[in-house]
Amino acid sequence: MQALSSDTTTLQNVTTTERIPAVEGWFTTSEPYTLIGAKCTGCGTVVFPPRSGSCPSPDCDGAELEPTPLSRKGKVWSYTENHYAPPPPYVAAEPFEPYALAAVELEAEGIVILGQVATGVMAADLSIGQEVEVDLQVLYRNDEGVDHWIWTWAPSAPKGSA
Amino acid sequence: MQALSSDTTTLQNVTTTERIPAVEGWFTTSEPYTLIGAKCTGCGTVVFPPRSGSCPSPDCDGAELEPTPLSRKGKVWSYTENHYAPPPPYVAAEPFEPYALAAVELEAEGIVILGQVATGVMAADLSIGQEVEVDLQVLYRNDEGVDHWIWTWAPSAPKGSA
Amino acid sequence: MATERDLVVLGAGMHPWGKWGKNFVDYGLVAAKAALADADVAWRDIEFVAGADTIRNGYPGFVAGSTFSQAMGWTGAQISSSYAACASGAQAMQSARAQILAGFADVAMVIGADTTPKGFFAPVGGERKEDPDWQRFHLLGATNPAFFALNARRRIDVFGDTVEDFALVKVKNSKAGVGNPNARFRKEFTLDDFAGSPIVSDPLRLLDICATSDGAAAVIICTPEYAMKKLGTLQGTVRIRAVSNTTPTYPQVRLELPDIATDSNSVVQAPARGFKDSIAYNAYEQAGLGPEDVSCAEVYDLSTALELDWYENLGFCPEGEGARLVRDGVTALGGSKPVNASGGLASFGEAIPAQAIAQVCELTWQLQGRSDGHQVENAKVGLAINQGLFGHGSCTILSV
Amino acid sequence: MATERDLVVLGAGMHPWGKWGKNFVDYGLVAAKAALADADVAWRDIEFVAGADTIRNGYPGFVAGSTFSQAMGWTGAQISSSYAACASGAQAMQSARAQILAGFADVAMVIGADTTPKGFFAPVGGERKEDPDWQRFHLLGATNPAFFALNARRRIDVFGDTVEDFALVKVKNSKAGVGNPNARFRKEFTLDDFAGSPIVSDPLRLLDICATSDGAAAVIICTPEYAMKKLGTLQGTVRIRAVSNTTPTYPQVRLELPDIATDSNSVVQAPARGFKDSIAYNAYEQAGLGPEDVSCAEVYDLSTALELDWYENLGFCPEGEGARLVRDGVTALGGSKPVNASGGLASFGEAIPAQAIAQVCELTWQLQGRSDGHQVENAKVGLAINQGLFGHGSCTILSV
Ligand SMILES: [Zn+2]
Ligand SMILES: [Zn+2]
């Protein structure tokens with residue numbers, strides 16, 4: 001669902017049972033939706049996607065990283081719109097519908113993270129510097145009919161509703 | 001069919017229409033069965049599998065190679081027996097039946113060529129130095145039910161029948 | 001001035017770029033033989049073979065050094081097989097260069113070839129959560145053009161570039177490519193052609209993005225002593241002044257293929273010089289030359305907009321002013337700083353492991369005045385730069 | 001005597017061999033950090049990273065040099081990614097060595113790691129008539145063990161070896177491996193165990209053939225000057241006396257993996273020295289040493305019978321007499337010419353890109369007297385040899 005959706009929808013989602021993430025441990029599947037990075041217990045640097053075993057900083061010997069929620073909101077660093085279906089392992093909808101991608105800067109973490117933009121929000125609706133926030137939507141439905149969810153970037157509601 | 005088979009069978013095979021080779025141009029599909037190598041028109045060296053475009057000799061600039069039938073008979077250089085089904089792209093029979101492989105030296109060409117040994121002839125039936133000759137058998141049947149044939153090494157008949 | 005550490009490009013050869021789907025080895029053999037003939041060196045005399053790998057052609061592609069050595073005829077030569085995505089050819093070049101400078105060989109072949117075989121083109125199978133390539137394709141559908149487009153969009157919104165500026169790059173390169181017999185697309189495009197070109201990843205159209213091609217390139221490189229013995233003089237020989245082989249420095253704060261996120265600069269400050277700037281910088285340092293010395297450059301125009309970035313990374317203009325150079329014809333054939341006089345990837349399409357070697361072939365011929373139909377006047381110093389996925393930056397500088 | 005061209009192995013590290021199916025990078029990080037700690041060198045100081053590639057782990061495996069550099073933290077270091085089948089580790093070693101001797105770096109890391117990921121193990125897909133690997137699998141079902149078996153059968157019929165001789169190799173190596181904490185299989189096998197071992201490719205049983213494993217190994221190598229500055233002395237340092245990197249010479253008349261036919265000797269005579277003999281010969285030449293100087297050797301025992309070949313290729317005995325050495329205990333730990341004191345591939349199973357680097361780790365520790373539990377007495381010169389598919393022969397000689 002998009003952050004722009006109505007309160008009713010939001011409520012529905014909160015009460016929905018477990019969502020299956022398309023990838024484990026990279027984002028929360030209940031509200032408030034956030035991406036989950038990893039934070040080095042040694043030097044405090046943050047990395048996304050989360051990883052373990054080794055700090056990404058060449059000057060830090062840290063081998064312990066713990067999951068850390070990232071800022072829910074960020075500013076668009078750049079964006080684009082895919083007009084052709086990506087090849088597998090992407091599971092493209094048929095017929096293919098163009099969608100936007102945004103690279104979003106999280107100020108506190110000093111990190112830019114790419115993501116699909118919430119369905120229906122296209123390049124023409126975006127601009128560099130615009131505030132967006134994490135939301136979730138279905139990435140694909142597998143052969144058993146199970147939806148798999150992924151994070152998206154959704155323009156923050158004008159009135160700042162979460 | 002094996003070279004050891006009866007005259008009747010041989011006759012049947014001669015009259016059989018086109019056999020589909022598992023790989024194009026490496027062996028004849030009608031009798032007399034021979035492997036087909038490539039011969040450099042420059043220096044005369046021979047190569048199997050056949051290739052084009054470049055002589056395998058580092059001292060020869062030859063770029064023209066023409067198909068050349070290789071000796072039908074050779075001597076076993078070594079042999080083994082596979083007891084487990086090879087992985088794909090091998091199309092293994094189910095249930096898997098062990099089969100022998102032989103590396104056979106063709107004296108005139110100064111070349112050793114590996115091949116499956118005719119069905120039913122096992123390691124215990126083979127010895128180094130033994131004379132064998134080219135025969136054909138079915139390697140696999142594809143999904144459309146079409147047999148694909150491959151060369152085999154078959155012990156030469158004791159009486160030297162072709 | 002060249003020093004004794006500056007190896008000689010003794011010969012260069014290519015198989016023209018195109019799309020035939022033949023075995024990549026066939027293309028490579030043509031390039032290898034052409035390079036040997038150009039160098040007047042016998043295959044038997046090559047002491048080291050540096051192959052640039054292709055990963056879509058089964059085992060022979062993974063061991064390119066071996067594959068070409070066997071195809072040409074085993075001589076007992078030493079070999080290497082290098083992979084570095086789009087920079088594979090440059091890595092193979094550096095492999096041969098190091099072996100020679102280390103004294104393990106006097107003369108070497110650097111070779112790369114590619115094809116698009118029938119029947120399998122998708123990324124390597126399997127679910128691999130830790131593979132950035134799997135991540136970006138499976139989870140985001142973030143194709144290569146999408147990354148190019150993010151970059152192009154920044155140029156528009158931050159620097160004021162227009163999509164016409166991008167199109168001008170293609171117009172320029174396609175015009176130069178018409179004169180290059182090794183180019184695949186020998187058709188001149190105009191701005192009008194862009195209107196009819198479908199958007200692939202907004203703001204980039206199909207014509208903004210380079211194709212993938214079949215092709216092969218090879219060079220013979222050697223010590224100055226070897227060249228001296230062969231030619232009787234070093235006058236007029238093309239010398240390898242630098243091959244930089246650069247990776248990013250943490251934190252890498254620019255989003256680059258195939259990563260779906262940048263490093264964080266919250267704890268460690270980003271280096272003063274960004275990754276792409278450092279690729280050229282390291283090569284200039286190694287060569288003792290600067291942007292002002294470059295007569296012509298071959299840059300990786302995977303997209304039109306990307307070529308404008310390179311102008312800036314190479315120091316041909318300040319950041320954000322790249323578009324001016326293409327608008328004013330500075331980087332056109334006949335301009336004061338010709339870029340991609342070969343026609344670039346726009347005219348070739350990328351044959352991945354061959355492309356960086358082809359850049360060296362092109363520069364060699366330019367410096368020798370052998371680029372009939374697309375010759376840069378009085379070329380003295382040539383530079384080739386590219387960037388491969390996973391932090392592979394390479395820049396080669398040649399001079400005559 | 002070592003010369004200034006003989007680089008120093010400053011540190012070595014491994015992740016123990018096993019089978020866990022984790023991301024190969026995880027194993028590599030452990031080995032890298034262990035090697036750095038052993039060398040007392042900071043990651044930031046490594047100037048060149050030579051990765052040995054793995055081809056079954058997606059893109060990160062193809063660019064091992066980059067993958068490990070990023071995982072440890074980008075430092076702007078130069079990198080290479082090499083592939084040469086089973087000889088990949090040795091090729092990476094030679095890549096780093098050449099870069100250092102060419103003056104591009106003073107200290108380098110050589111690293112390789114592998115895993116067997118879930119869900120895909122088959123050869124690369126697609127029908128590739130020209131790929132010897134496709135040919136042998138699809139048309140003949142000729143697996144690796146089948147090739148090992150052809151070789152073993154020759155030994156039996158031509159040299160009079162017995163299957164018990166082959167089993168003795170496993171008995172010897174498994175006994176040594178019990179004392180090696182990095183080995184995967186730390187169980188001593190006896191001749192009796194062979195009776196119950198199923199025939200895989202006649203005459204070889206399952207116990208005759210090495211498994212595939214997960215594992216990682218890394219070494220830090222540097223110039224003698226760097227080591228001197230670090231240690232204050234070169235006394236007791238392990239020096240790299242040779243890394244041979246050998247391909248066959250046409251005609252290659254011995255059937256070798258993965259080819260389904262030999263070259264023809266009808267027009268060109270076969271070279272006097274066969275391919276496998278030349279691998280060791282070239283290394284001895286480079287080092288100025290001979291078989292008599294070798295204190296201990298690590299050889300690629302992909303099959304038990306193959307180890308006997310290596311004795312002969314290394315000049316430890318005349319051709320055909322290898323079995324005598326294992327029968328007489330000459331090559332056992334405690335014998336006069338210990339081979340595979342590490343336990344060999346019999347105890348490790350092969351982790352392809354890591355294995356040749358692990359051989360160097362083992363020899364380094366042997367020469368430094370650090371191989372508690374499987375130490376070769378008074379080891380002064382160590383040799384590692386292996387052969388990768390597609391004509392990749394490598395031999396490394398170290399001395400203390
Ligand atoms: Zn840290
Ligand atoms: Zn010839």
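Here, the structure is the one placed above.
Note that the structure is predicted; figures quoted are calculated from it, not measured.

K.L.:
How would you summarise the overall build of chain C if you had to cite specific residues and measurements?
P.N.:
Scanning chain C from terminus to terminus reveals 14 helices and 11 strands. Across the 400 residues of chain C, 70% fall into the buried class. A separation threshold of at least 6 residues defines the contact pool for chain C, and within that pool the share at least 24 residues apart is 74%. A total of about 12,200 Å² of accessible surface is found on chain C, and carbon and sulfur atoms cover 50% of it. Both charge centroids of chain C, one from 33 positive and one from 44 negative side chains, sit 3 Å from each other.

K.L.:
Can you break down the coordination of the zinc ion (ligand 2) residue by residue, with the values?
P.N.:
Residues and elements named next belong to chain B. Ligation of the zinc ion (ligand 2) by protein atoms is provided by Cys40 (SG), Cys43 (SG), Cys55 (SG) and Cys60 (SG), these donors lying 2.2 to 2.4 Å from the ion. Coordination geometry of the zinc ion (ligand 2): the 4 donor atoms subtend angles of 102 to 116° at the metal centre, consistent with an arrangement described as tetrahedral. All donors to the zinc ion (ligand 2) come from one chain, and their sequence spacing reads C-x2-C-x11-C-x4-C. Note that Cys40 is positioned in strand β2 (residues 36-40) and Cys60 in the loop between β3 (46-47) and β4 (65-69), a separation of 20 residues in sequence. Given the relative accessible area of 2%, Cys40 is considered buried.

K.L.:
Requested: an account of the relation of the copies chain D and chain C, with residues and values cited.
P.N.:
Under the fitted operation, chain D is carried onto chain C by 0.0 Å of movement along the axis and a turn of 180°, and the coordinates agree to an RMSD of 0.0 Å. With respect to symmetry, the two chain copies, as superposed, fit the operation of a two-fold axis. Within chain D, the C-alpha atom positioned nearest to the axis of rotation is that of Ala102 of chain D, 2.1 Å from it. A symmetric contact is evident, with 100% of the interface residues of chain D recurring at the interface of chain C.

K.L.:
Go over the sheet that holds strand β3 (residues 46-47) of chain A with me, naming the residues and quoting the values.
P.N.:
Residue and element names in this part refer to chain A. The strand order across the open sheet built from 3 strands is β3-β2-β4, with neighbouring strands paired in antiparallel fashion. Lying at the two open borders of the sheet, with one neighbouring strand each, are β3 and β4 (65-69). By the bridge criterion, 5 bridges tie strand β2 (residues 36-40) to β4 in an arrangement that is antiparallel. Residue pairing for β4: Ile36 is matched across the bridge by Pro69.

K.L.:
Describe in detail the pairing of strand β1 (residues 8-18) of chain D, supporting the description with residues and values.
P.N.:
Residue and element names in this part refer to chain D. Along β1, 10 of the 11 residues are buried, which leaves the element largely enclosed by surrounding structure. Two elements, β1 and strand β8 (residues 238-246), share 2 bridges in a ladder whose sense is antiparallel. Note on β8: the bridge partner recorded for Val9 is Val238.

K.L.:
Summarise the interface of chain B and chain C; cite the residues concerned and give the values.
P.N.:
By a frequent convention, interface size equals the accessible area lost on bringing the separate parts together. Taken together, the contact between chain B and chain C spans 11 residues of the former and 10 residues of the latter. Taken together, both faces of the contact between chain B and chain C bury some 620 Å²; the carbon and sulfur share is 37%. Taken as a group, Ser54, Pro58 and Asp59 of chain B account for 61% of the area that chain B buries against chain C, more than any other trio of residues on that side. Applying the counting rule to chain B against chain C returns 1 salt bridge. Asp59 of chain B is the partner of Arg44 of chain C in a salt bridge, and the nearest nitrogen-oxygen pair spans 2.5 Å. Linking chain B to chain C there are 4 residue pairs in polar contact (both at pLDDT 80 or more). Grouping the constituent residues of the side of chain B that touches chain C by class yields 4 nonpolar, 4 polar and 3 charged.

K.L.:
So what's going on with the arrangement of the chains? Residues and values would help.
P.N.:
Interchain contacts are distributed over 5 pairs of chains, and the most extensive set of them lies between chains C and D. With respect to C-alpha atoms, chain A approaches chain B no nearer than 22 Å, and the pair has no contact.

K.L.:
Talk me through the interface of chain D and chain C; I want residue IDs and the actual numbers.
P.N.:
Chain D puts 56 residues into the contact, and the matching count from chain C is 56 residues. Taken together, both faces of the contact between chain D and chain C bury some 4,700 Å²; the carbon and sulfur share is 59%. If you sort the residues of chain D by the area they bury against chain C, Tyr59, Trp74 and Phe390 of chain D come out on top, with a joint share of 16%. Counting the contacts that link chain D with chain C gives 0 salt bridges. Connecting chain D to chain C are 26 residue pairs in polar contact (both at pLDDT 80 or more). Elements supplying a minimum of two residues to the side of chain D that touches chain C: α2 (58-62), α3 (64-72), β3 (78-82), α4 (88-101) and α5 (132-140) of chain D.

K.L.:
Go over the coordination of the zinc ion (ligand 1) with me, naming the residues and quoting the values.
P.N.:
Residues and elements named next belong to chain A. The zinc ion (ligand 1) binds to the protein through Cys40 (SG), Cys43 (SG), Cys55 (SG) and Cys60 (SG), with metal-donor distances spanning 2.2 to 2.4 Å. Around the zinc ion (ligand 1), the 4 donor atoms are arranged such that angles at the metal cover 102 to 116°; this shape is classified as tetrahedral. Within one chain, the residues donating to the zinc ion (ligand 1) are spaced in sequence as C-x2-C-x11-C-x4-C. One end of the pair, Cys43, is in the loop between β2 and β3; the other, Cys55, is in the loop between β3 and β4, and 12 residues separate them in sequence.

K.L.:
Run through the sheet that holds β2 of chain B, naming residues and quoting values.
P.N.:
Within the open sheet, the 3 strands sit side by side as β3-β2-β4 (chain B). Their pairing is antiparallel. Across the chains shown, the open sheet's two edge strands, defined by having one partner strand only, are β3 and β4 of chain B.

K.L.:
Tell me about a negative patch on the surface, residues and numbers included.
P.N.:
Residue and element names in this part refer to chain C. A cluster of acidic side chains, namely Glu4, Asp45, Glu47, Asp106 and Glu225, defines a negative patch on the protein surface. In this fold, Asp45 is placed in the loop between α1 (24-39) and β2 (48-52). The class for Asp45 is partly exposed, based on a relative accessible area of 38%.

K.L.:
Hey, could you go over the packing of helix α4 (residues 88-101) of chain C against α4 of chain D for me, with residue numbers and the actual values?
P.N.:
Between α4 of chain C and α4 of chain D, whose axes approach to 8 Å, the crossing angle comes to 60°. Regarding the angle of α4 of chain C to α4 of chain D, the classification is oblique. By crossing handedness, the relation of α4 of chain C to α4 of chain D is classed as left-handed. Contacts between α4 of chain C and α4 of chain D pair Gln94, Ala98, Gln99 and Leu101 of chain C from the former with Gln94, Ala98, Gln99 and Leu101 of chain D from the latter. Residue composition of the contact of α4 of chain C with α4 of chain D, grouped by class: 4 nonpolar, 4 polar and no charged.

K.L.:
Hey, could you go over the packing of aromatic side chains for me, with residue numbers and the actual values?
P.N.:
Enumeration according to the criterion identifies 27 aromatic pairs over all chains in this entry. When the ring of Trp26 of chain B is compared with that of Phe48 of chain B, the centres are 5.8 Å apart and the planes differ by 75°; the resulting orientation is edge-to-face. Note that Trp26 of chain B is positioned in the loop between β1 (20-21) and β2 and Phe48 of chain B in the loop between β3 and β4, a separation of 22 residues in sequence. Among the residues examined, Trp26 of chain B registers a relative accessible area of 2% and is labelled buried. Summarising the aromatic geometry, the rings of Trp26 of chain B and Trp151 of chain B are spaced 6.3 Å apart at their centres and angled 40° between planes, so their arrangement reads as tilted. Separated by 125 residues along the polypeptide, Trp26 of chain B in the loop between β1 and β2 and Trp151 of chain B in strand β9 (residues 147-155) bring together distant segments of the chain. The same class applies to Trp26 of chain B as to Trp151 of chain B, namely buried. Connected via pairs of aromatic rings, a cluster forms that spans Tyr59, Phe62, Tyr83 and Phe390 of chain C together with Tyr59, Phe62, Tyr83 and Phe390 of chain D. The cationic tip of Arg5 of chain C hangs over the ring face of Phe104 of chain D; the distance from NZ or CZ to the ring centre is 5.2 Å. Positioned above the aromatic ring of Phe189 of chain D, the side-chain terminus of Lys187 of chain D is 4.3 Å from the ring centre.

Conventions adopted
Residues numbered from 1 in each chain as written. Chains lettered and ligands numbered in written order. Predicted model: local features only at pLDDT ≥ 70, side-chain atom pairs only at ≥ 80, totals over all residues. Heavy atoms only, no water. Helix = DSSP H or I, 4+ residues; strand = E, 2+ residues; numbered from the N terminus. Buried < 20%, exposed > 50% of the residue type's maximum accessible area, 1.4 Å probe, protein only. Contact = heavy atoms within 4.5 Å. Areas by Shrake-Rupley, 256 points an atom, 1.4 Å probe, with all protein chains shown as cover. Lys, Arg positive; Asp, Glu negative; His and termini not counted. Charge placed at Lys NZ, Arg CZ, Asp CG, Glu CD. Donors = N, O, S within 2.8 Å, 3.2 Å for Na, K, Ca; no water. Tetrahedral: all angles 85-135°; square planar, octahedral: opposite > 155°, others 65-115°. Least-squares fit on C-alpha atoms with pLDDT ≥ 70 in both. Pairing = 2+ DSSP bridges. Buried area = accessible area lost by both parts, 1.4 Å probe. Salt bridge = Lys/Arg side-chain N within 4 Å of Asp/Glu carboxyl O. Polar contact = N/O pair within 3.5 Å; in protein donor to acceptor, adjacent residues only side chain to side chain. Nonpolar A, V, L, I, M, F, W, Y, C, P; charged D, E, K, R; others polar. Patch = residues over 30% accessible without salt bridge, like charges linked within 9 Å, V, L, I, M, F, W, Y side chains within 5 Å. Axes fitted to C-alpha atoms, helices over the stretch in contact; angles between N-to-C directions. Parallel < 35°, antiparallel > 145°, perpendicular 65-115°, else oblique. Left-handed = near helix turned anticlockwise from the far one by under 90°. Phe/Tyr/Trp six-rings, centres within 6.5 Å; stacked < 30°, edge-to-face > 60°. Lys NZ or Arg CZ within 6 Å of the ring centre and 35° of its normal.

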